Amino acid sequence: MCGRHRAYFLRKLKDWKDAIIEESRQTMAQLQIDSLREPDLADRASSETDWGIELRTRDRQRKLIAKIDSAIRRLYDGEYGYCEVTGEPISLGRLEARPIATMTLEAQERHERIERVSRDD
């Protein structure tokens, strides 16, 4: 991976992280504004359900931020773009589609097959 590719993926990862953080800020601000003003119990229950879903989404995104940070660290360490299992380069197309990828497509498929078989036992 050349310097231009590294710079491109660093910008892509940082922009993705910034977008997630901004969405989280907006969610928290909206939660404070809306803090369950509905007088009707059915409306309040519906709002609580909606906010529960939103908060679960934010929790998944919090975990995604940790993966983005890990990818940024790998970029700085010179390990980004290489499979953690085989050591082979991960294709640019795969990194474009999934910038936090840590395995080649083949290694990921193999991992998922093994995981599926183990789960079935």
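Residues numbered from 1 in each chain as written. Predicted model: local features only at pLDDT ≥ 70, side-chain atom pairs only at ≥ 80, totals over all residues. Heavy atoms only, no water.

A few words on the packing of aromatic side chains. What describes a pair of aromatic rings is the distance from one ring centre to the other and the angle between the planes of the rings. Applying the stated rule across the entire model yields 2 aromatic pairs. Aromatic pair Tyr8 and Phe9: ring centres 5.1 Å apart, planes at 75 degrees, arrangement edge-to-face. Taken together, a centroid distance of 5.7 Å and an interplanar angle of 50 degrees make the contact between Phe9 and Tyr80 tilted. With Phe9 in helix 1 (residues 3-34) and Tyr80 in the loop between helix 2 (41-77) and helix 3 (92-97), the pair connects residues that are 71 residues apart, well separated along the chain. Both residues of the pair, Phe9 and Tyr80, belong to the buried class. (Phe/Tyr/Trp six-rings, centres within 6.5 Å; stacked < 30°, edge-to-face > 60°. Helix = DSSP H or I, 4+ residues; strand = E, 2+ residues; numbered from the N terminus. Buried < 20%, exposed > 50% of the residue type's maximum accessible area, 1.4 Å probe, protein only.)

Following the criterion strictly, the structure yields 7 salt bridges and no others. One salt bridge connects Asp15 with Arg11, and the closest N-O pair in it is separated by 2.8 Å. Placement of both Asp15 and Arg11 in helix 1 is noted, with a separation of 4 residues, approximately one turn of the helix. Residue Asp15 is classed as partly exposed on the basis of its relative accessible area of 39%. Under the relative-accessibility criterion, Arg11 is labelled partly exposed at 46%. We note a salt bridge from Lys63 to Asp59, for which the minimum N-O separation is 3.7 Å. Residue Lys63 and its partner Asp59 are located together in helix 2, separated by 4 residues, close to a single helical turn. On the basis of relative accessibility, which here comes to 30%, the residue Asp59 falls in the partly exposed class. (Salt bridge = Lys/Arg side-chain N within 4 Å of Asp/Glu carboxyl O.)

Moving on: a negative patch on the surface. Taken together, the side chains of Glu88, Glu106, Glu109 and Glu112 define an acidic patch exposed on the protein surface. One can find Glu112 in helix 4 (residues 105-120). Residue classification places Glu112 among the partly exposed residues on the basis of a relative accessible area of 35%. (Patch = residues over 30% accessible without salt bridge, like charges linked within 9 Å, V, L, I, M, F, W, Y side chains within 5 Å. Areas by Shrake-Rupley, 256 points an atom, 1.4 Å probe, with all protein chains shown as cover. Lys, Arg positive; Asp, Glu negative; His and termini not counted. Charge placed at Lys NZ, Arg CZ, Asp CG, Glu CD.)

A few words now on the confidence of the model for the protein chain. Summary statistics for the protein chain give a mean pLDDT of 87 and a share of 93% for residues scoring 70 or more. At the level of individual helices and strands, the protein chain shows its lowest average pLDDT in helix 2, which scores 86, and its highest in helix 3, which scores 95. (pLDDT = per-residue confidence, 0-100.)

The next point concerns the side chain of Arg74. Position of Arg74 relative to the elements: it lies in helix 2. The buried charged residue Arg74 lacks any salt bridge partner; its closest oppositely charged side chain belongs to Glu79, at an N-O distance of 6.0 Å. Excluding anything up to four places from it in sequence, Arg74 contacts Glu79, Tyr80, Ile100, Ala101 and Thr102. (Contact = heavy atoms within 4.5 Å.)

Before going further, it helps to examine the nonpolar core. Ranked by size, the top nonpolar core spans 18 residues in total, and within it Leu13, Ile68, Leu75, Tyr80, Leu95 and Ile100 carry the most contacts. At the level of elements, helix 1 and helix 2 are the ones that each hand at least two residues to this core. Element by element, the count of residues in this core is highest for helix 2, at 6 residues. Contacts of Leu13, omitting those with residues within four sequence positions, involve Ile68, Ala71, Ile72, Leu75, Tyr80, Pro99 and Ile100. (Core = buried A, V, L, I, M, F, W, Y, C linked by side-chain atoms within 4.5 Å.)

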